[in-house]
Amino acid sequence: MTETPKSHPRYASLVSRNKIVEAMKSGVCTPHSLIAHGRGEALDYLLGETTFPFAHEAIAKSAQLLLESKKPVLSLNGNTAALCAIDFVALSAVLNCPIEVNLFHASEARYDAIKHLLERNGAKNVLVPDGGCVLSGLGSNRRNVHPEGLYAADIVLVALEDGDRCEVLKAHGKRVIAIDLNPLSRTAQMADVTIVDNIIRCMPLLVAAAKQPKSVTNYDNADMLQAAEIQMRTAKK
Ligand code: PTJ
């Protein structure tokens with residue numbers, strides 16, 4: 001891996017790239033993860049790689065809902081594991097809830113690699129699909145869940161995925177919090193709360209917010225999505 005000098009103006013971005021590439025070599029990520037990461041990078045560029053008030057408000061609301069819920073579950077895929085394993089472990093400790101590995105490009109080897117990565121980072125409660133439990137309404141591998149995790153959850157944190165799982169989770173009566181740099185993605189649009197921000201910036205803030213929650217009233221997710229889209233469309237260089 002080429003060394004990245006800290007003085008490089010794109011240092012944080014290059015470190016994230018290195019993490020995804022390394023995670024691909026270790027079996028946590030796949031080539032598809034690289035493409036998904038590139039989508040995120042482009043959108044973050046339009047945000048000036050900044051966490052805006054619409055994200056801060058969504059983070060505060062997310063913390064409030066996660067703490068109020070009875071069965072929160074943090075859903076994690078390859079990109080999320082590569083970039084933010086430590087933060088997921090910290091949030092699961094604050095909420096005393098499981099992290100469940102949920103993969104689109106699924107294999108036993110990837111479930112194992114991600115579970116071990118989380119455990120090496122201190123995770124105490126990591127779930128993977130148990131082989132028999134399915135979330136009806138989904139055709140992809142994401143339908144495979146654990147009966148005490150995603151299947152039973154009343155609220156799910158979904159990060160870095162653009163697909164149909166969010167609406168299926170909602171159809172099963174669950175609330176969904178999404179982290180997605182794309183305010184127009186299907187997941188972002190269908191979630192109850194969408195944090196439009198880079199996961200590497202917002203996850204530490206979400207952990208901090210869960211430790212010191214505040215009440216957010218009159219939260220409107222459509223307003224947050226619109227504010228994010230306007231910010232991107234009017235970005236000045
Ligand atoms: O690990 P797997 O097999 O489950 O596969 C995971 C991927 C990410 C390949 C897959 O689930 C996927 O849905 O990829 P997409 O369709 O490219 O969606 C990823 C979304 O995450 C896009 O809307 C990106 O803009 C967004 N995104 C990418 N990187 C970041 C991000 N959002 C926040 N922070 C990021 N760093």
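Preceding this paragraph is the structure being described.
Residues numbered from 1 in each chain as written. Predicted model: local features only at pLDDT ≥ 70, side-chain atom pairs only at ≥ 80, totals over all residues. Heavy atoms only, no water.

(A) Here's a closer look at the side chain of Ser69. For Ser69, the location among the structural elements is in the loop between helix H3 (53-68) and strand S1 (72-76). Among the residues examined, Ser69 registers a relative accessible area of 18% and is labelled buried. Not counting residues within four places of it along the chain, the set of residues in contact with Ser69 comprises Asp154 and Ile155. (Helix = DSSP H or I, 4+ residues; strand = E, 2+ residues; numbered from the N terminus. Buried < 20%, exposed > 50% of the residue type's maximum accessible area, 1.4 Å probe, protein only. Contact = heavy atoms within 4.5 Å.)

(B) Structural detail: unusual backbone geometry. One non-glycine residue with positive phi stands out, namely Leu160, at about 55 degrees. In this fold, Leu160 is placed in the loop between strand S4 (155-159) and helix H6 (165-171). In this model, Asn218 sits at a positive phi of 55 degrees, which is unusual for a non-glycine residue. Relative to the assigned elements, Asn218 resides in the loop between helix H8 (199-211) and helix H9 (221-233). In this structure Asn218 comes out as exposed when scored by relative accessible area, which is 75%.

(C) Focus on the packing of helix H1 (residues 11-25) against helix H2 (residues 31-46). Two elements in contact, H1 and H2, have axes whose closest approach is 9 Å; the angle formed by their N-to-C orientations is 165 degrees. Put simply, H1 runs roughly antiparallel to H2. H2 is crossed by H1, and the crossing has right-handed handedness. Facing H1, whose interface residues are Ser13, Ser16, Arg17, Ile20, Val21 and Met24, H2 presents Pro31, Ser33, Leu34, His37 and Glu41. Across the contact of H1 with H2, the residue classes break down as five nonpolar, four polar and two charged. (Axes fitted to C-alpha atoms, helices over the stretch in contact; angles between N-to-C directions. Parallel < 35°, antiparallel > 145°, perpendicular 65-115°, else oblique. Left-handed = near helix turned anticlockwise from the far one by under 90°. Nonpolar A, V, L, I, M, F, W, Y, C, P; charged D, E, K, R; others polar.)

(D) Spatial organisation of the sheet that holds S4. Spatial strand order, S3-S2-S1-S4-S5-S6: six strands in an open sheet with parallel pairing. With one partner strand each, in any of the chains shown, strand S3 (126-127) and strand S6 (193-195) form the two edges of the open sheet. As defined by bridge partners, S4 adjoins strand S5 (residues 175-179) across five bridges and the pair is classed as parallel. Among the inter-strand pairings, Ala159 is bridged to a residue of S5, identified as Ile179. (Pairing = 2+ DSSP bridges.)

(E) Up close: the environment of Met203. Inspection of the secondary structure assignment puts Met203 in helix H8. Assessed through its relative accessible area of 0%, Met203 is described here as buried. C-alpha separation for the pair Met203 and Leu184, spaced 19 residues apart in sequence, amounts to 20 Å. Excluding residues that lie within four positions of it along the chain, Met203 makes contacts with Cys84, Asp87, Phe88, Leu91, Leu157 and Ile179.

(F) Region of the structure containing the packing of aromatic side chains. A complete count under the given rule lists one aromatic pair for this structure. Note on Phe52 and Phe54: the rings are 5.5 Å apart at their centroids and 10 degrees apart in plane angle, and the pair reads as stacked. Judged by its relative accessible area of 7%, Phe54 falls in the buried class. (Phe/Tyr/Trp six-rings, centres within 6.5 Å; stacked < 30°, edge-to-face > 60°.)

(G) Summary view of the layout of surface pockets. Of the pockets and cavities examined, the largest pocket occupies roughly 630 Å³. Taken together, 30 residues line the largest pocket, and the ones lying closest to its centre are Ala36, Asn79, Leu160, Glu161 and Asp162. Among the elements of the structure, H2 and helix H4 (78-95) are those that each provide at least two residues to the lining of the largest pocket. Grouping the constituent residues of the lining of the largest pocket by class yields 10 nonpolar, 12 polar and eight charged. Taken together, 16 residues line the second largest pocket, and the ones lying closest to its centre are Lys19, Ala81, Ala82, Leu83 and Ala85. Broken down by secondary-structure element, the contributors of at least two residues to the lining of the second largest pocket are H1, H4 and H8. Counting residues per element, the lining of the second largest pocket draws most heavily on H4, which supplies seven residues. For the lining of the second largest pocket, the class distribution of residues is 11 nonpolar, two polar and three charged. (1 Å grid on protein atoms, 1.4 Å probe; cavity = no way out; pocket = protein on both sides within 12 Å on 5 of 7 lines; lining within 4 Å. Points joined across faces, edges and corners; volume = space filled by probe spheres on them.)

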